[in-house]
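What follows is the residue order along each chain.
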Protein chains: 2
Amino acid sequence: MVVVERKSKEERLTAVLDAALVEFGTKGYHGGSTEEIARQAGISQPYVFRLFGTKRDLFEALVNRCFSETLEMFERAADGLRGREALDAIGAAYMEQLLTDELRLRAQMQAYSACDDPEICAAVRRGYGELVSFAERVSGVEPAEISSFFAKGMLLNVIASMGLTPTDMAAGGVAAEPWAIRLLEGCRPPS
Amino acid sequence: MVVVERKSKEERLTAVLDAALVEFGTKGYHGGSTEEIARQAGISQPYVFRLFGTKRDLFEALVNRCFSETLEMFERAADGLRGREALDAIGAAYMEQLLTDELRLRAQMQAYSACDDPEICAAVRRGYGELVSFAERVSGVEPAEISSFFAKGMLLNVIASMGLTPTDMAAGGVAAEPWAIRLLEGCRPPS
DNA sequence: CTACTTTGTGATTCATCACTTACCTCCAAG
DNA sequence: CTTGGAGGTAAGTGATGAATCACAAAGTAG
């Protein structure tokens, strides 16, 4: 038997969720394998099931964590601000994720794409609804502005999925597609 | 042997692509099965491979068809128009898809989500780039406006994925989430 | 009629994967 | 010191799914 490093359940839970973010974020719900998640988390595959029950429950837990972390990020970014300024601050923070947290943007796309599963869809709607409600509440602007705000967010998600972020292009050693650069430039708030 | 209804290769190709749109559009690249696609297309599973080579080639063919149909839709909508008017017309046509062609919006999301595969990613970028270039060329507006235009499109894709279109809500017999209604309202061009 | 091409299938292979069962090993409380 | 629970695994199981192979039947040209 391999040497066992005993850790607390909590530590394992977050380790598995961290690994799941990578695996599901890149390959999606159906494409990601629990075996790979277990390996990346440093535990055996059966233990993943002991901790989370089913693959779906694990994915759902990941979705919930992602949305709640994003909501916290919104709150931090908007702290002390109201109205349009709050919205701009959140938008800037979201754009930063393109550079720092691209995987989370991709994972969100995977969550939307996994919405053929009713339970996952319910979790996604709940999370998204909380983000929208928060943005509405903290900014107080009219629907059209809220829509553009979230629309830009979704465009950033898509750009991250296509691997067109500055980080990706630099890593690939490839010159970014010019149209993609213009799209990204156009997302910047008018300053 | 079951009675064989011989059809032309072309007919089978489009039948398979139609079935693939449904299967991949709802379950995604990894989640969709070639067996199910074959069944929906009314042929045997091996023949799918005879026609398309591999599952990936089939998915790629679907992506290409989707993007080129969308480009045609852009061209039709913008016919005879220039500048902002052209963009508004395309936007209106795109919004209509929420009601008439929701599956195609979902399929686009699945295409973005399948971008961990380099070949699929290349096809997606090519298709997306053509849409952006066309919109830029026909409208001639500045980057910020192009970005908002595509951003709104992506938001509609996400809303379709989450099953929050008017059609879905009516079909489910459920009242739509209020925040989702506001988001959709906010997408309408200011008229 | 014969030979060849096109359209098609049944049966199978081989890998992967979600999930289970049965077990092991620490460690702390009585 | 022993017992019981919490943290963990090795070894399977059954299903599914992509891809292959060998073969069949329907047209078609000579």
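Keep in mind it's a predicted model, so treat the numbers as computed, not measured. (Residues numbered from 1 in each chain as written. Chains lettered and ligands numbered in written order. Predicted model: local features only at pLDDT ≥ 70, side-chain atom pairs only at ≥ 80, totals over all residues. Heavy atoms only, no water.)

Caption draft 1: The environment of B:Leu71, seen in detail. Residues and elements named next belong to chain B. Along the chain, the position of Leu71 falls in helix 4 (residues 55-78). Judged by relative accessible area, which is 17%, Leu71 ranks as buried. Expressed as a C-alpha distance, the spacing of Leu71 and Arg56, which sit 15 residues apart in the sequence, is 22 Å. Non-local contacts of Leu71, meaning those with residues more than four positions away in its chain, are made with Glu130, Leu131 and Phe134. (Helix = DSSP H or I, 4+ residues; strand = E, 2+ residues; numbered from the N terminus. Buried < 20%, exposed > 50% of the residue type's maximum accessible area, 1.4 Å probe, protein only. Contact = heavy atoms within 4.5 Å.)

Caption draft 2: Spotlight on the protein's contact with DNA strand D. Surrounding DNA strand D, one finds 23 residues, the nearest of these being A:Lys7, A:Ser44, B:Thr34, B:Phe49 and B:Lys55. A breakdown of the atoms of DNA strand D within 4 Å of the protein gives sugar and phosphate a share of 59%. A:Arg12 places a polar side-chain atom, nitrogen or oxygen, 2.9 Å from a phosphate oxygen of DNA strand D. B:Gly32 places a polar main-chain atom, nitrogen or oxygen, 3.2 Å from a phosphate oxygen of DNA strand D. Tallied by class, residues from the surface near DNA strand D come to eight nonpolar, six polar and nine charged. (Near = heavy atom within 4 Å. Polar contact = N/O pair within 3.5 Å; in protein donor to acceptor, adjacent residues only side chain to side chain. Nonpolar A, V, L, I, M, F, W, Y, C, P; charged D, E, K, R; others polar.)

Caption draft 3: Region of interest: empty space enclosed by the protein. Overall, the coordinates contain three cavities of 30 Å³ or more when judged by the stated rule. As for the largest cavity, its lining consists of 16 residues, of which A:Gly28, A:Gln110, B:Gly28, B:Tyr29 and B:Gln110 are closest to the centre. When contributions to the lining of the largest cavity are tallied by element, the ones reaching two or more residues are helix 1 (9-31) and helix 6 (102-113) of chain A together with helix 1 (9-31) and helix 6 (102-113) of chain B. The residue inventory of the lining of the largest cavity, partitioned by class, reads four nonpolar, 10 polar and two charged. Roughly 80 Å³ of volume is contained in the second largest cavity. Contributions of two or more residues to the lining of the second largest cavity are made by helix 1, helix 4 (55-78) and helix 6 of chain A. Considering every element that reaches the lining of the second largest cavity, the biggest residue donor is helix 4 of chain A, with five residues. Its residues placed into classes, the lining of the second largest cavity shows eight nonpolar, three polar and no charged. (1 Å grid on protein atoms, 1.4 Å probe; cavity = no way out; pocket = protein on both sides within 12 Å on 5 of 7 lines; lining within 4 Å. Points joined across faces, edges and corners; volume = space filled by probe spheres on them.)

Caption draft 4: The UniProt feature "domain: HTH tetR-type" (unreviewed entry) in chain A, seen in detail. In the numbering used here, UniProt assigns the feature "domain: HTH tetR-type" (unreviewed entry) to residues 10-70 of chain A. Secondary structure across residues 10-70 of chain A divides into 89% helix and 0% strand, with the first and last C-alpha atoms of the span separated by 21 Å. (UniProt positions renumbered as here; feature names shortened; annotations may be inferred.)

Caption draft 5: The protein's contact with DNA strand C, seen in detail. Surveying the vicinity of DNA strand C reveals 23 residues, the closest of which are A:Thr34, B:Arg6, B:Lys7, B:Arg12 and B:Ser44. Here a base nitrogen of DNA strand C and a side-chain polar atom of A:Gln45 are 2.8 Å apart. Separating a phosphate oxygen of DNA strand C from a side-chain N or O atom of B:Tyr47 is a distance of 3.2 Å. Contributing elements (two or more residues each) for the surface near DNA strand C: helix 3 (45-52) of chain A together with helix 1 and helix 3 (45-52) of chain B. Here the surface near DNA strand C is built from residues that sort into nine nonpolar, six polar and eight charged.

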